[in-house]
Amino acid sequence: QVQLVESGGTLVQPGGSLRLSCAASGPTFNNFAMGWFRQAPGKEREFVAAIRKSDGEKTYAASVKGRFTISRDNAKNTGYLQMNSLKPEDTAVYFCAIIRGSPIVSTMWRSQAYEYWGQGTQVTVSS
C-alpha cells in the first residue's frame, strides 16, 4: 500500500509562511497526481492544490491562488505545499493524497477521486 505522511504543520501568525511536506513510500506509479486538501472543524473537506506528474500541471483553489505554491521532488518521493501570507481562515488539518493515472484538472479538484491519503497535519493561523 502507498503510505503518505504529512509534516510541517504548526502554529503560525497571520501573514506568516509555512511549508508542508508529503513523503510517499511503498509502491509507486508511473503516472499520478498529488493533491492537498484541508478540513476545518465543522467544515467539509476542501481542495487546496494539486500537481500532475505527467506534465507538471498545477491547479489551485481560488482561495489560495497567489499565496500557495505546490511542488514536488520526484527523486525524494516528496511533495510540498509552500504557504505564504497565511490567514486565520487557512486554519485546518491539511491532508495530502494521491490518485493514480493522469487525471484531468477538474478531476484533481475532487476529493472523491483520490485513492491514497495521509493522516494530516494541523495548521493553525492565529495571533
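Our subject is the structure that appears above.
Analysis parameters
- Residues numbered from 1 in each chain as written.
- Predicted model: local features only at pLDDT ≥ 70, side-chain atom pairs only at ≥ 80, totals over all residues.
- Heavy atoms only, no water.
- Pairing = 2+ DSSP bridges.
- Helix = DSSP H or I, 4+ residues; strand = E, 2+ residues; numbered from the N terminus.
- Axes fitted to C-alpha atoms, helices over the stretch in contact; angles between N-to-C directions.
- Buried < 20%, exposed > 50% of the residue type's maximum accessible area, 1.4 Å probe, protein only.
- Contact = heavy atoms within 4.5 Å.
- Phe/Tyr/Trp six-rings, centres within 6.5 Å; stacked < 30°, edge-to-face > 60°.
- Lys NZ or Arg CZ within 6 Å of the ring centre and 35° of its normal.

Student: So, the sheet that holds strand S1 (residues 3-7): which residues are in play, and what are the values?
Tutor: An order of S1-S3-S8-S7 is seen for the four strands of this open sheet, with the pairing classed as antiparallel. The sheet terminates laterally at S1 and strand S7 (68-73), the two strands that pair on one side only. Strand-to-strand, the axes of this sheet are offset by a mean angle of 15 degrees, without reference to chain direction. Sheet analysis places strand S3 (residues 18-25) next to strand S8 (residues 78-83), joined by six bridges and oriented antiparallel. Opposite arginine 19, over in S8, you have glutamine 82 as the bridge partner.

Student: A description of the environment of valine 105 should follow, citing residues and the corresponding values.
Tutor: By the secondary structure assignment, valine 105 is in helix H1 (residues 105-108). According to the relative accessible area criterion, valine 105 is partly exposed, its value standing at 24%. When near neighbours in sequence (up to four residues on either side) are disregarded, valine 105 contacts Arg52, Glu57 and Thr59.

Student: Outline the packing of aromatic side chains, listing residues and values.
Tutor: Here the structure, examined in full by the defined rule, presents five aromatic pairs. Pairing phenylalanine 95 with tryptophan 117 gives two aromatic rings, centres 6.4 Å apart and planes at 75 degrees, and the pair type is edge-to-face. Placement of phenylalanine 95 in strand S9 (residues 92-100) and of tryptophan 117 in strand S10 (residues 116-117) is noted, with a sequence separation of 22 residues between them. In this structure phenylalanine 95 comes out as buried when scored by relative accessible area, which is 17%. Classification of tryptophan 117 by relative accessible area gives partly exposed; the value is 26%. Between tyrosine 114 and tryptophan 117, the ring centres sit 6.1 Å apart and the planes meet at 65 degrees, which makes this aromatic pair edge-to-face. You can call tyrosine 114 buried: its relative accessible area is 6%. One Lys or Arg, arginine 45, reaches over the ring of tryptophan 117 and ends 4.3 Å from the middle of that ring.

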